[in-house]
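An overview of the molecular structure
Residues per chain are reported as follows:
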Amino acid sequence: MNRTTRAAIGKWLLILLAVALALCAASLLWVDHQLGRFAGAGTAVVDRAGFEGPARPTAITGVAVLSADGEAMLADRDVLIDQGRIVAVGTGLALPEGVDRVDGSGRYLIPGLVDAHVHLKQSPNDLLVYLANGVTGVREMSGNADHLAWRDAIEAGRLGPRLFVASEKLERHGWFTGHFQRWTRNRINVRAPEHADAVVRSLAADGYDAVKLGSLLDHETYRALDRAAAGAGLPLIGHYPVALPLEALWASGQGELAHIEEIAKALDAEFGWFGNADADEYLRFVARRSDEVAAALAERNIAVVTSLWLVESIALQKAAPADLVAEIELRYANPGLVEGTPLSKGWLPGHNAYEVGPEAGAAGREAAAAYWATFAEAHRILLRAMRDRGVALMAGTDANTAGVVPGFSLHDELQSLVSAGLSPAQSLRSATAAPAARMGRGAGKAGRVAPGYRADMVLLRADPLLDIANTRAIEAVVVGGRVLDRGRLDAMLAAVADANDGSRTIAL
Ligand SMILES: [Zn+2]
C-alpha cells in the first residue's frame, strides 16, 4: 500500500468515526427525549399561581367535624382558621370581625387526605389534581431535585399539597449497569457497602426526607445503608430486598414498607414461590403467618403503605386493560405516562405495562389474571392481620404507575381498604392521622381538625363514616389555610385536562 492509499483510507476511517459518533449522540438524545416524555415532561405546565388567592382568616360554621379519634362526627361546630392553622373549634364560637365565612351546615369536615406513596415524575400539574381531590399531602417515593424545590416552594406559601420527598431508589450494581440504571430508571447506585455512608450523607445534605431502598439489595449493603441512615438521622423506607428473610427486617431500623406487597413477597419466598396450581396452599400459608408478622411489625412500629387498589387492578390490566381504562379518570393523568413511548409501555390497551401479550392467548391471560387475583387476596389477608395488631397503615396508591391516576386513585384505595374489611373510620385514618406523623421534618401538627393543627381539610357534602365513597363528594378543600371552593377546584381540573389534551398524540 502506498502512502496516498493509506492517507485515503485514514480519511475515510475518520469520516466513518465521525458519522458513528454523530449517530451515537443522536440516539442518546432521542432516548433522553423519550425518557423525559414518559416522565411527563412533554405536557405544558399549568401556572398554579393563577389559582392561589390569599389565605384569609376564615370560619367554617355549623359543620360536622371528624372527632379526634376519627370514629365519630361532632355536629354543629365552628372552625376558625388563620395563618395556615386551625385556631379554634367549638359550638357557637364568637367569631372575630371581618373573617370570611363558609356555611358548613349539612356538610362534613375531615382532615386533608395524604397519599403516602406517589410518583410525581416530571408532572407538576399533578399537584393541582391532588388538591382537587382533597389530597393536601403526598409522599414522593422517587424524589429528585425538582421535587425538593416544589416541596420548599409550597412550604414557603405557594399553592400545592405538602410534600414529603424520599430519595430515588438505592440499588447495588456494577459501574456500567449502575450508570445505565441511573440514566434510564433513576436508580441511585451503591457500588459497595463501604459507599453507603457517602451516598446517604449526600442525600441528607440535599435535603431528602428519607432514604428509599430498592428490591435487589444484598444483605451486607442493606445493613450498611441501615447504619448510614441511622447515622444521618434519615428514615429508612421503601422496598424490602427480595433476597432477605424477614429476620433481617426485624433486626434492622427500617421504619416503613412501601407496599403490603413487601410482606406478601417475603412470605411467597418462604413458601417457595406459588403458582396457580398451589394458590390455595399459599393463601393458607399467608393466613397462618400473617398474625405473627403483623405482631412483629406493630412491635417495631414499622408502618406499611397499603397500595392495595393497584395490586387488585393488575389482574384486570393483565387480561383486559381496556376495561380498566374505561373505569378511571384518564383525562387527568399525564399523556406521556398514559401513552408510553417506543421505549416504555404506558397504560393504554395494546401498549399497557402489565398487559399479557397476544402470543399468550386467552389461556395465558386467564392464568395471569388468576395469579394476580391470588396475590391480591394475600394482600387482603395481611391487611386485616395488620389492622388487628394495630400496625400503622398508610393509604398509598403508587400514583402514576400504570392505571393509577393521581388524586382520584386515593379514593379508590380508601374504598378497596373498606372492601377488604377496614371500617370507614380505619380507612380514613390511614389517609389522615396515620401518615401525618410521617410527613418529615418541620411537619408540625397535622391530620386532625383541632386547634393548633395545620389548616389542611376537606369539606364534604356527605358523611364518609357512613359510606367511604363520600370522600369523593368534595365541596371545598382547605390547604395551608387557603379555601379552594368547588368552582376553583373544577377550574384547576379543567386547566390540567386542557394541558393534557394539548400534548396527547392518541385521542381518548
Ligand atoms: Zn412506587
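This is a predicted model, so every value here is computed, not measured.

A word on the environment of isoleucine 263. Mapped onto the secondary structure, isoleucine 263 falls in helix H8 (residues 261–271). Taking the C-alpha atoms as reference points, isoleucine 263 and histidine 239, separated by 24 residues in sequence, lie 9.7 Å from one another.

Tracing the backbone shows lysine 169 in strand E8 (residues 162–171). For the pair lysine 169 and glycine 238, spaced 69 residues apart in the sequence, the C-alpha separation amounts to 7.9 Å. In this structure, lysine 169 is in contact with Asn186, Arg187, Ile188, Lys212, Leu213, Gly214 and His239, ignoring residues within four places of it in sequence.

What follows deals with a nonpolar patch on the surface. The grouping of Leu28, Trp175, Phe176, Phe180 and Trp183 at the surface amounts to a nonpolar patch, some 580 Å² of accessible area in total. No other element matches the four residues that helix H4 (residues 175–185) contributes to the nonpolar patch. Counting through the fold element by element, tryptophan 183 comes out in helix H4.

Glancing now at the domain arrangement of the protein chain. The domains assigned to the protein chain are domain 1 (1–38) and domain 2 (112–141 + 258–442). Between the C-alpha centres of domain 1 and domain 2 there is a distance of 46 Å. Contacts between the two partners involve six residues from domain 1, matched on the other side by 11 residues from domain 2. Note on domain 1 versus domain 2: buried area summed over both sides is about 770 Å², and carbon and sulfur give 65% of it. For domain 1, the biggest contributors to the area lost against domain 2 are Gln34, Arg37 and Phe38; these three give 74% of the whole. For the pair domain 1 and domain 2, the number of links is one salt bridge. Ionic pairing is found between glutamate 339 and arginine 37, a salt bridge with its closest N-O pair at 2.7 Å. Our count for the contact surface shared by domain 1 and domain 2 stands at one residue pair in polar contact (both at pLDDT 80 or more). Here the residues of the side of domain 1 that touches domain 2 sort into three nonpolar, two polar and one charged.

Protein-derived ligands of the zinc ion are His117 (NE2), His119 (NE2) and Asp398 (OD), with the metal-ligand distances lying across 2.0 to 2.1 Å. The motif formed by the donor residues of the zinc ion, counted along the single chain, is H-x1-H-x278-D. Across the pair, histidine 119 and histidine 117 agree in class, each one buried.

On to the packing of H8 against helix H9 (residues 279–299), then. When two helices pack together, their arrangement is given by the angle between the helix axes and the distance between those axes. Where H8 contacts H9, the axes come no closer than 10 Å and their chain directions differ by 125°. Here H8 lies oblique to H9, going by the angle between them. In terms of crossing hand, the pair formed by H8 and H9 is right-handed. Here Ile263, Ala264, Leu267, Asp268, Glu270 and Phe271 of H8 come into contact with H9, specifically with Glu281, Tyr282, Phe285, Val286, Arg289, Val293 and Leu297. Taken together, the residues that form the contact of H8 with H9 break down as nine nonpolar, no polar and four charged.

An α-helix turns once per 3.6 residues; consequently, residues spaced three or four apart project the same way. With 36 residues, helix H1 (residues 3–38) should reach 52 Å at 1.5 Å per residue; the first-to-last C-alpha distance of 52 Å fits that figure. For H1, the set of buried residues is Val31, Gln34, Leu35, Gly36 and Arg37. Residues of H1 that are buried in the fold lie against H4, helix H12 (335–339) and helix H17 (486–503). Here H1 starts with a cap whose side-chain oxygen sits 3.1 Å from the backbone nitrogen of threonine 4, and that cap is asparagine 2.

Let's shift gears to empty space enclosed by the protein. For the structure on display, the rule yields two cavities of 30 Å³ or more. Lining the largest cavity are 14 residues, and of these Gly112, Val114, Ala446, Gly447 and Asp456 lie nearest its centre. Among the residues making up the lining of the largest cavity, the classes are represented as five nonpolar, five polar and four charged. As for the second largest cavity, its lining consists of Gly40, Thr43, Ala44, Val45, Gln122, Ser123, Pro124, Asn125 and Asn334. Here the lining of the second largest cavity is composed, by residue class, of three nonpolar, six polar and no charged.

Position of leucine 128 among the secondary structure elements: in helix H2 (residues 126–132). Measuring from C-alpha to C-alpha, the distance between leucine 128 and leucine 489 comes to 8.4 Å, with 361 residues separating the pair along the chain. Sequence-distant contacts of leucine 128, defined by excluding residues within four places in its chain, comprise Val46, Arg48, Phe51, Leu159, Met492 and Val496.

Leu246, Leu249, Ile263, Leu297, Trp347 and Met386 are the most contacted members of the largest nonpolar core, which has 121 residues in total. In terms of residue count, helix H13 (residues 361–389) provides more of this core than any other element does, 10 residues in total. Other than its neighbours up to four places away in sequence, methionine 386 contacts Ile260, Ile263, Ala294, Leu297, Val304, Val391 and Leu393. Judged by nonpolar contacts, the second largest core, of 15 residues, contains Val65, Ala455, Ala476 and Val478.

Let us now look at the UniProt feature "transmembrane region" (unreviewed entry) in the protein chain. In this structure's numbering, the residues bearing the UniProt feature "transmembrane region" (unreviewed entry) are residues 12–31. Span residues 12–31 is 100% helix and 0% strand, its end C-alpha atoms 28 Å apart.

All told, the structure shown has 10 aromatic pairs when counted by the stated rule. Plain terms: the ring middles of tyrosine 222 and tyrosine 240 are 5.7 Å apart, the flat faces sit at 85° to each other, and that makes the pair edge-to-face. With tyrosine 222 in helix H6 (residues 219–232) and tyrosine 240 in the loop between strand E11 (236–238) and helix H7 (246–250), the pair connects residues that are 18 residues apart, well separated along the chain. Note on accessibility: tyrosine 222 and tyrosine 240 belong to one class, buried. With a centroid separation of 6.0 Å and an interplanar angle of 75°, the aromatic rings of tyrosine 371 and tryptophan 372 are classed as edge-to-face. Classification of tyrosine 371 by relative accessible area gives partly exposed; the value is 25%. Judged by its relative accessible area of 16%, tryptophan 372 is buried. Pairwise contacts between aromatic rings join Phe271, Phe274, Tyr282, Phe285, Tyr371, Trp372 and Phe375 into one cluster. Over the face of the ring belonging to phenylalanine 164 we find arginine 139, whose NZ or CZ atom lies 4.3 Å from the ring centre.

About the cut-offs
Residues numbered from 1 in each chain as written. Predicted model: local features only at pLDDT ≥ 70, side-chain atom pairs only at ≥ 80, totals over all residues. Heavy atoms only, no water. Helix = DSSP H or I, 4+ residues; strand = E, 2+ residues; numbered from the N terminus. Contact = heavy atoms within 4.5 Å. Patch = residues over 30% accessible without salt bridge, like charges linked within 9 Å, V, L, I, M, F, W, Y side chains within 5 Å. Areas by Shrake-Rupley, 256 points an atom, 1.4 Å probe, with all protein chains shown as cover. Salt bridge = Lys/Arg side-chain N within 4 Å of Asp/Glu carboxyl O. Domains from an automatic or database assignment. Buried area = accessible area lost by both parts, 1.4 Å probe. Polar contact = N/O pair within 3.5 Å; in protein donor to acceptor, adjacent residues only side chain to side chain. Nonpolar A, V, L, I, M, F, W, Y, C, P; charged D, E, K, R; others polar. Donors = N, O, S within 2.8 Å, 3.2 Å for Na, K, Ca; no water. Buried < 20%, exposed > 50% of the residue type's maximum accessible area, 1.4 Å probe, protein only. Axes fitted to C-alpha atoms, helices over the stretch in contact; angles between N-to-C directions. Parallel < 35°, antiparallel > 145°, perpendicular 65-115°, else oblique. Left-handed = near helix turned anticlockwise from the far one by under 90°. Expected span 1.5 Å × (residues − 1). 1 Å grid on protein atoms, 1.4 Å probe; cavity = no way out; pocket = protein on both sides within 12 Å on 5 of 7 lines; lining within 4 Å. Points joined across faces, edges and corners; volume = space filled by probe spheres on them. Core = buried A, V, L, I, M, F, W, Y, C linked by side-chain atoms within 4.5 Å. UniProt positions renumbered as here; feature names shortened; annotations may be inferred. Phe/Tyr/Trp six-rings, centres within 6.5 Å; stacked < 30°, edge-to-face > 60°. Lys NZ or Arg CZ within 6 Å of the ring centre and 35° of its normal.

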